[in-house]
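Each chain, letter by letter, is given below.
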Amino acid sequence: MSTVTTEMTALKPVPVPAEVIRKWQEIVDLLAAIMHVPAALIMRVEPPSIEVFVCSESTGNPYEPAEKASLNTGLYCETVMKTRRPLHVADALVDTDWNSNPDIKLGMISYLGVPISWPDGEIFGTICVLDSERNDYSNVYLRLLLQWRDVLQADLRAIATLNRQLEERETKIRRLVDADIIGIFIWDFDGRILEANDAFIETLGYEREEFTAARIGWVELNPPEWFELEWERWIPELRQTGRLEPREKEYFRKDGSKVPVLFGAAMFEDGGNQGVAFVLDLTARKRAESEARESERRYQDAHASLAHANRVSTLGQLVATISHEIRQPISACSTNAAAGLRWLSMPTPNIEEASKAFERISETANRAGEITERVRRLVKNAPTEKEPVALNAALEEVIAMTRGEAERVGVSVKVMLERQLPLVRCDRVQLQQVFLNLILNGFEAMADTASGPRMLTVTTHAAENASVVVSVGDTGPGVAPENASRVFEAFYTTKERGMGMGLSICRSILNAHGGTLEVQDNTPRGAVFRLTLPVA
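The paragraphs below set out a description of the structure included in this document. (Residues numbered from 1 in each chain as written. Predicted model: local features only at pLDDT ≥ 70, side-chain atom pairs only at ≥ 80, totals over all residues. Heavy atoms only, no water.)

### As for the sheet that holds strand S5 (residues 110–117)
- Spatially, S3-S2-S1-S6-S5-S4 is the arrangement adopted by the 6 strands of the open sheet, whose pairing is antiparallel. Each end of this open sheet is capped by a strand with a single partner; those strands are strand S3 (68–70) and strand S4 (87–89). Across the sheet, the mean angle from the axis of one strand to that of its neighbour is 25°, orientation sign disregarded.
- Direction of pairing for strand S2 (residues 49–55) relative to S3: antiparallel, over a ladder of 3 bridges. Each residue of the ladder has a partner; that of Ile50, found in S3, is Ala69. (Pairing = 2+ DSSP bridges. Helix = DSSP H or I, 4+ residues; strand = E, 2+ residues; numbered from the N terminus. Axes fitted to C-alpha atoms, helices over the stretch in contact; angles between N-to-C directions.)

### Quick look at unusual backbone geometry
- Here Pro47 and Pro48 are connected by a cis peptide whose omega angle stands at 10°.
- Locating Pro48 in the fold gives a position in the loop between strand S1 (39–46) and S2.
- Even without being a glycine, Gln420 presents a positive backbone phi close to 55°.
- A relative accessible area of 77% means that Gln420 is categorised as exposed. (Buried < 20%, exposed > 50% of the residue type's maximum accessible area, 1.4 Å probe, protein only.)

### Here we look at the pattern of salt bridges
- The full count for this structure, using the stated rule, is 17 salt bridges.
- With a shortest N-O distance of 2.9 Å, Asp155 and Lys23 are connected by a salt bridge. One end of the pair, Asp155, is in helix H3 (residues 139–179); the other, Lys23, is in helix H1 (residues 18–35), and 132 residues separate them in sequence.
- Given a relative accessible area of 35%, Lys23 falls into the partly exposed group.
- Residue Arg428 is joined to Glu397 by a salt bridge in which the shortest nitrogen-to-oxygen separation is 3.1 Å. (Salt bridge = Lys/Arg side-chain N within 4 Å of Asp/Glu carboxyl O.)

Written out as structure tokens, the structure is:
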């Protein structure tokens, strides 16, 4: 027999699924039974060897599964793979080209085999039958062998397609891992980290060499408070569902500090012991959130200072009214004190009239004290304190405070308050600031009204959507339609000396309390400012 010297290229073996191997086992068993031979084989080449990949379980078969032989030794199958053509040897003992074939030592003197190829043309191996006796194998047997070969090659096409898809998916996953966009590590339930990308290692503050040398496991990375949660809740959830939705946690860095991360995990297979974890460093986001909170705090402080300045400025408009309100009870106290002294200094002191005088002194002094306290509360620059507030009572205090200003500008105030009004949860001083701004704005709007009544109407009622509504309406010139959407903008004003901050502050106060502030046309003239607040 002439020696064939063509070399076969070594390829990475592609795994054949177990269900395909079971199918191929049935094929070789059928071949051996139909052709009445002791051996039917599917051989696979894995240079520098050729392997018995599947062999029939027939009587007298001298071959064993996974048995290997070296190439370039003159095997029947080696010639088939190199020539890529069917081979029929009827009796190797009388054929000088084959009488030194290694298979003769196993008693196999006749052979019929055909090559099996991958879809790309690379040789997989052969499918063949061997007999211990001379066998001329009819053309029908060759056709049958070729038919089964086609079945095997169809299976190889499916395997190659699946393997290509898996390789493409692996490549994409590897690119994701190597891109270091997020930290990724492979773990097992024994606590080991089997593999990790640079992003994860850098998140922990390590160099790859020292991280690998330290053999750090995911158990050691968990601070005690997180380990308990992970072990008692997350691990059982992962075993049961095969995945963990993203959640926030912390890991120890190399320097002992803690790094906040967004963590998610998935197992590779149900009931398995390994999985993959995805880790996103949240340090920058947490820093940004902290800065945002600090910025919001500074904004709130500035807003509170501006609101306080607005209250003081508004009260400045009421200086004369407030002075008049306070002077009245003081003068009354003085008058009643003089009267009381006169009743007591009479030859026969009139105790009853003197007592009444002193009672009037007490009442008027209390009224002066209430006026002073209302002003003090509005002027005080104190932190926001939300509490259940009786809205009607808060509104009546402001109306009483502005009574003198109403008389000065010739405005009649009509008050219609719904009784049994639900409480609202708010900062009482800030809410009274809103009332004060709206009432004084109404007075100012009507100050220049040449004709018609000057009427300010204040109403309250409970709405159906669990809210309370307060309306302050005037009979002034009203708000032009083109300005209705702008009156609440900061620094927008139609007043000659106005700053344009009052209504802007009022709306921001209402928004901070979960409420709203709107302006509507009044009938027959003027404007109505309507505010809503949720009930406590």
